[in-house]
Structure formats: structure tokens, C-alpha cells
Amino acid sequence: MEQYLLDTHIILWFFQGNLGLPKDICTIIETKRCFYSHISLWEIAIKQKLNKLDPSFTIPELEFMCMKANMSAVPISSDCIEMTKSLPLIHRDPFDRLLIAQAKASDLTLITKDMFIPQYNVKTLWF
């Protein structure tokens, strides 16, 4: 059974009702086993602090929305952190690099619109 890890922007678009998020992606999120990462929550907190994202919701509120949508947190293990060192430097974003490592370590398909991520040896679903 396919399981999915949501990239940070997918989490935001899903809960903000972004009309650019394809219906088939929304259906997957609503009906399949999906995971979020605390690295995404941390990335959102940083971008809120830098005024790059709307601070109208708190990180605990966002995590509650994830849990209410039947998403589970995927752990950030020391093995995942170690794995980031072996990833090629295609993408220098540390948040995305850790998401890639988590997806690989947990055999999850990463849902993302980021065009760099599919260049890694990781299962992706992108549009």
C-alpha cells in the first residue's frame, strides 16, 4: 500500500484550500495514509517569523489540523540526518534534503511540486 509524505508547500496548500492543488492530490491526502514532518512545521515557523508566510495560525494549530486529517508525523531520526550527508547537492535546501531522507528511510512517496526533488533516488508524486 502506497504511503505519502507531504512536502511543506503541499501541507499549506491543502489546508489553505489552494485551488492550484490538483483534485487527485487532494483525494490522495483525504483517502490514503499520509505523513507530515516536524521539519515542515519548523520551516513554516521560520518563514512566519521572516514574514514570508501568514502568521494567522500557530504551529500547534497546524499540527492539530494534520492530526485531525488523519496524518501522522514521520520521525526525524539520527539515521535520516546522517543520510542527508550522502545526498548529492542537487538541492541545497536543508528542509527539503531532510524530507527526501525521511521519505527514503520510511519508503514513502514524497508529494511535491519542487522540480529538484524528483532528481533524487526517491519516490515522488509531482505535477
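> Explain the overall build of the chain to me, please; I cannot follow it from the model alone.
A tally of helices and strands in the chain yields six helices and five strands. Taken from the N to the C terminus, the helices and strands of the chain come in the order β-α-α-β-α-α-β-α-α-β-β. The globule rule puts the C-alpha radius of gyration for 127 residues at 14 Å, and the 14 Å found for the chain is close to it. When the backbone C-alpha atoms are referred to their principal axes, the chain occupies close to 35 × 35 × 25 Å.

> What is the right way to read the packing of aromatic side chains from this model?
Aromatic ring pairs are reported here in terms of the distance separating the ring centres and the angle at which the planes meet. All told, the structure shown has two aromatic pairs when counted by the stated rule. With 5.1 Å between their ring centres and 75° between their planes, Phe-14 and Phe-15 make a pair best called edge-to-face. You can call Phe-14 buried: its relative accessible area is 17%. Measuring from centroid to centroid gives 5.4 Å for Trp-42 and Phe-95, while their planes differ by 75°, and the two rings are edge-to-face. Highlighted residues: Trp-42 in helix α3 (residues 38–49) and Phe-95 in helix α6 (residues 94–106), separated in sequence by 53 residues.

> Is there a simple way to think about the environment of Tyr-36 in this case?
If you trace the backbone, Tyr-36 turns up in strand β2 (residues 33–37). Separated by 26 residues in the primary sequence, Tyr-36 and Leu-62 have C-alpha atoms spaced 11 Å apart. For Tyr-36, the residues in contact, after removing those within four places along its chain, are Leu-5, Ile-11, Leu-41, Glu-63, Cys-66, Met-67, Met-71, Ser-72, Ala-73 and Val-74. Of note is the side chain of Tyr-36, whose polar atom sits 2.7 Å from the side chain of Glu-63.

Basis of the calculations
- Residues numbered from 1 in each chain as written.
- Predicted model: local features only at pLDDT ≥ 70, side-chain atom pairs only at ≥ 80, totals over all residues.
- Heavy atoms only, no water.
- Helix = DSSP H or I, 4+ residues; strand = E, 2+ residues; numbered from the N terminus.
- Rg over C-alpha atoms; globule rule 2.2 N^0.38 Å.
- Phe/Tyr/Trp six-rings, centres within 6.5 Å; stacked < 30°, edge-to-face > 60°.
- Buried < 20%, exposed > 50% of the residue type's maximum accessible area, 1.4 Å probe, protein only.
- Contact = heavy atoms within 4.5 Å.
- Polar contact = N/O pair within 3.5 Å; in protein donor to acceptor, adjacent residues only side chain to side chain.

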